[in-house]
Structure formats: structure tokens, C-alpha cells
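Examining the three-dimensional arrangement
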Amino acid sequence: MHLDFWEVLSNLMGLFLLIAVGYGAVRLDIVPAGASGVLSRLLLKIALPCTVFTSLLRPYDSAFLREIFIVIGLGFLLFPINALAAALLSRLLRVEKGRRGTWSLCATFCNNGFMGFPVALALFGEEGLALAAVLGLPFNLLLYTMGVGMLCTDRTSEAGEKGKTQWRTVLVTGINVAALLGLIFYFARLTVPAAVLTPLTHLSNITTPLSMFVTGMNLTKSRLGGLFRNRDAITACAARLVLLPLLTFALLTGLDRLIVFGNPLILGVVFIILSMPAPAVTSILCENYGVNQEFSAGVVFLSSLFCILTIPMMALLL
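Residues numbered from 1 in each chain as written. Predicted model: local features only at pLDDT ≥ 70, side-chain atom pairs only at ≥ 80, totals over all residues. Heavy atoms only, no water.

What to know about the overall build of the chain
- When you go through the chain residue by residue, the secondary structure sums to 14 helices and zero strands.
- Ordering the α and β elements of the chain from the N terminus gives α-α-α-α-α-α-α-α-α-α-α-α-α-α.
- Of the contacts formed within the chain by residues at least 6 apart in sequence, a portion of 87% connects residues at least 24 apart.
- Carbon together with sulfur atoms contributes 66% to the accessible area of the chain, which is approximately 14300 Å² in total. (Helix = DSSP H or I, 4+ residues; strand = E, 2+ residues; numbered from the N terminus. Contact = heavy atoms within 4.5 Å. Areas by Shrake-Rupley, 256 points an atom, 1.4 Å probe, with all protein chains shown as cover.)

Describing the packing of aromatic side chains
- In the structure shown here, the tally under the stated rule is nine aromatic pairs.
- Pairing Tyr60 with Phe187 gives two aromatic rings, centres 6.3 Å apart and planes at 80°, and the pair type is edge-to-face. Separated by 127 residues along the polypeptide, Tyr60 in the loop between helix H2 (35–55) and helix H3 (63–92) and Phe187 in helix H7 (residues 174–187) bring together distant segments of the chain.
- You can call Tyr60 partly exposed: its relative accessible area is 36%.
- Geometrically, the ring pair formed by Phe64 and Tyr186 is edge-to-face, given 5.1 Å between the ring centres and 70° between the ring planes. Of the two residues, Phe64 is situated in helix H3 and Tyr186 in helix H7; the sequence distance between them amounts to 122 residues. Summarising the burial analysis for this pair, Phe64 and Tyr186 share the class buried.
- By the ring-pair criterion, three or more aromatic residues cluster together here, those being Tyr60, Phe64, Tyr186 and Phe187. (Phe/Tyr/Trp six-rings, centres within 6.5 Å; stacked < 30°, edge-to-face > 60°. Buried < 20%, exposed > 50% of the residue type's maximum accessible area, 1.4 Å probe, protein only.)

Remarks on the environment of Val21
- Inspection of the secondary structure puts Val21 in helix H1 (residues 5–27).
- Judged by relative accessible area, which is 46%, Val21 ranks as partly exposed.
- For the pair Val21 and Phe213, spaced 192 residues apart in the sequence, the C-alpha separation amounts to 6.4 Å.

As for the pattern of salt bridges
- In the structure shown here, the tally under the stated rule is two salt bridges.
- With its nearest N and O atoms 3.0 Å apart, the salt bridge here joins Arg99 to Asp232. Linking Arg99 in the loop between H3 and helix H4 (100–108) with Asp232 in helix H11 (residues 231–259), this pair joins segments that are 133 residues apart in sequence.
- Given the relative accessible area of 7%, Asp232 is considered buried.
- Across the pair Arg231 and Asp232 runs a salt bridge whose closest N-O atoms are separated by 3.9 Å.
- A single network of salt bridges, built from pairs that share partners, joins Arg99, Arg231 and Asp232. (Salt bridge = Lys/Arg side-chain N within 4 Å of Asp/Glu carboxyl O.)

Digging into H3
- Taking 1.5 Å of rise per residue, 30 residues should cover 44 Å, and H3 covers 43 Å from first to last C-alpha, within 8% of that figure.
- Phi turns positive, to about 55°, at Arg94, one or two residues after H3. (Expected span 1.5 Å × (residues − 1).)

Description of the side chain of Asn82
- Mapped onto the secondary structure, Asn82 falls in helix H3.
- A relative accessible area of 0% means that Asn82 is categorised as buried.
- Reaching out from Asn82, the side chain makes a polar contact with the side chain of Thr248 at a distance of 3.3 Å.
- Ignoring sequence-local partners within four residues, the contact set of Asn82 consists of Thr108, Leu244, Leu247, Thr248 and Leu274. (Polar contact = N/O pair within 3.5 Å; in protein donor to acceptor, adjacent residues only side chain to side chain.)

So, the packing of H3 against H7
- With their axes 11 Å apart at the nearest point, H3 and H7 run at an angle of 155° to one another. Taken together, the axis directions place H3 and H7 in an arrangement best described as roughly antiparallel. For H3 against H7, the interelement crossing comes out left-handed. Here H3 contributes Phe64, Leu65 and Ile68 to the contact with H7, which in turn contributes Leu183, Tyr186 and Phe187.
- Of the residues that constitute the contact of H3 with H7, the class distribution is six nonpolar, no polar and no charged. (Axes fitted to C-alpha atoms, helices over the stretch in contact; angles between N-to-C directions. Parallel < 35°, antiparallel > 145°, perpendicular 65-115°, else oblique. Left-handed = near helix turned anticlockwise from the far one by under 90°. Nonpolar A, V, L, I, M, F, W, Y, C, P; charged D, E, K, R; others polar.)

Let's talk about the environment of Pro49
- Its place among the elements puts Pro49 in helix H2.
- Of the residues examined, Pro49 reaches a relative accessible area of 9% and is grouped as buried.
- Not counting residues up to four positions away in its chain, the partners in contact with Pro49 are Leu43, Leu44, Gly174, Ile175 and Ala178.

Right under this line is the structure:
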């Protein structure tokens, strides 16, 4: 597929300006920094599920079933490959022992919800967002299983059994439930009454500005000076934003030639999603499992900052 460079740049600049608004709102004391937690819950538990569900309310096309299986298969293939590559890189780059698992987690997984969905919507429209939502199913499952396993390699003996994986919380998330309901409505060809669809649409419309705004608010929480001197944080960002996306693009291109995706959006959406910064939930997982919380927060911050430059560059490959 081919994206118009200036259109891509214009769409992304609009999103990143929303990040600047969130950052400025906190710095100017218009909005308290502590409000980011409340707004994040609003986004994750209400706005994003509404966005995912409404994106799947589309005219029935039997070809979409094949695309769903392809995207899910790509998720279960690419994330483990990236995890293996990240583990190798952490040793080649001599990442400090005791944070290699956290480093690998930050390099492997991406911010598919807060940033991935809005960017996919901006670049590829509703169809692209629907594919991004489908990719979220293997992402969530692997993040809370394979990803947690990465963190546990850093965990000291004092951490004990703190933070065992709770499968109910892994699988039964608002976004996963919304995606499954959307697929049921899609394949059963069910319609949503206008009285219900209208508020769902209004709530879904706040996802993009709210997610970018919250990202900007979160950028005020770290001090840049120390982060720019943290070698492991810098290399984790380079792996997450440049090295592993390039590996992903090479793999996707080869797979497309081998099995033929059919819909060019598949390659574009999966590649762009896997070019996003480190997931914001990383810091929460690190706190839960008692490892490297400050380090992971720094990687999330830096990768969210640098992606303003790297995402447009990666989009040029499409």
C-alpha cells in the first residue's frame, strides 16, 4: 500500500499537537497531574471499548473473516519473535542484569490502546481501527502471560509470589469484551438501535483527543535530564521504535508475498501498531510484580516522546 506522506504527516501532527495540549494543561495548572489516573480509567473502561465496538458495526463482508484470522495469527507470531529478538538484543547491548526482562518487555510490546488505536483510525479509517481491535486480542493475552514471564526474570527472591497472573483480569477486559461483542454483532448481522448507537458514537469520538491528552499529561511526570543519561532506557527506546519495527516490516513483507494478505490494510495496520511506543501499562505491571518501576516509567516516557519523530518515519515505508 502507499500512503501520501503529507497526509500522514498532517494527521500525525494533529494527534501530537493534542499531546502538547495535555502537557501544557498540566504545566499551566489548568488540569491537575493527578487527574490523569481518572481520565485513563475513563478511556480504558468506557471510551476505548465504545470505539472498538462501533468500529466493528460495518456492512458484512465474508472476506473480513479471513482477515480476522490473519491478523490474530500475525499477533501470535510477531510478538513472540520480537520477544526473542529483544532478549538477544538485551544481551548484545549489555543491558544491566536485573532489568533485562523489563527492557525486553518494553521493547517487545507497544501502546496499542492509548496511541495505536487513534493513529490507526487517523491513518486508515474505521476499517483500519477494526483490524487494530482484532490485533488487540493476541496482544492482551501475550502481554499478561509472556510479558509477565519477562518481568519475573528480573524479580528478586524477596518479591516472593507477589502479583500472580489473574486470568479473569487478563481476558475479561473492556476492550476484549467490546471486540468480541462487535464480532458477534458483525457475523450475526445484528443492528444496534439508534437510541443506543448515538451515545456509543459520541463516547467513541472522545477516544482520540482524550488518549492524546492523557499521554501529554503523563509526559510531565518524569525528569528528562536523568532519563537522557540512562543508557538502558535509550537503547530500549531504540529497539521499540526503530529496530523491532524494521524487523516487523521485513517479516510482514515476506509473509505477504508467501500467503498474500489480500487486504493491504493488514500490513499497514499491524506494522503501525507495532511501531508504537512502550505500553503505558508496563509501569503498572512492574509495580504489581515488584520490579524496575522507575526504569519502566522512564522508557514509557522517552518512547512516547521520541515516537513523535519515529512514527512518521516508519509510515514512509508503507
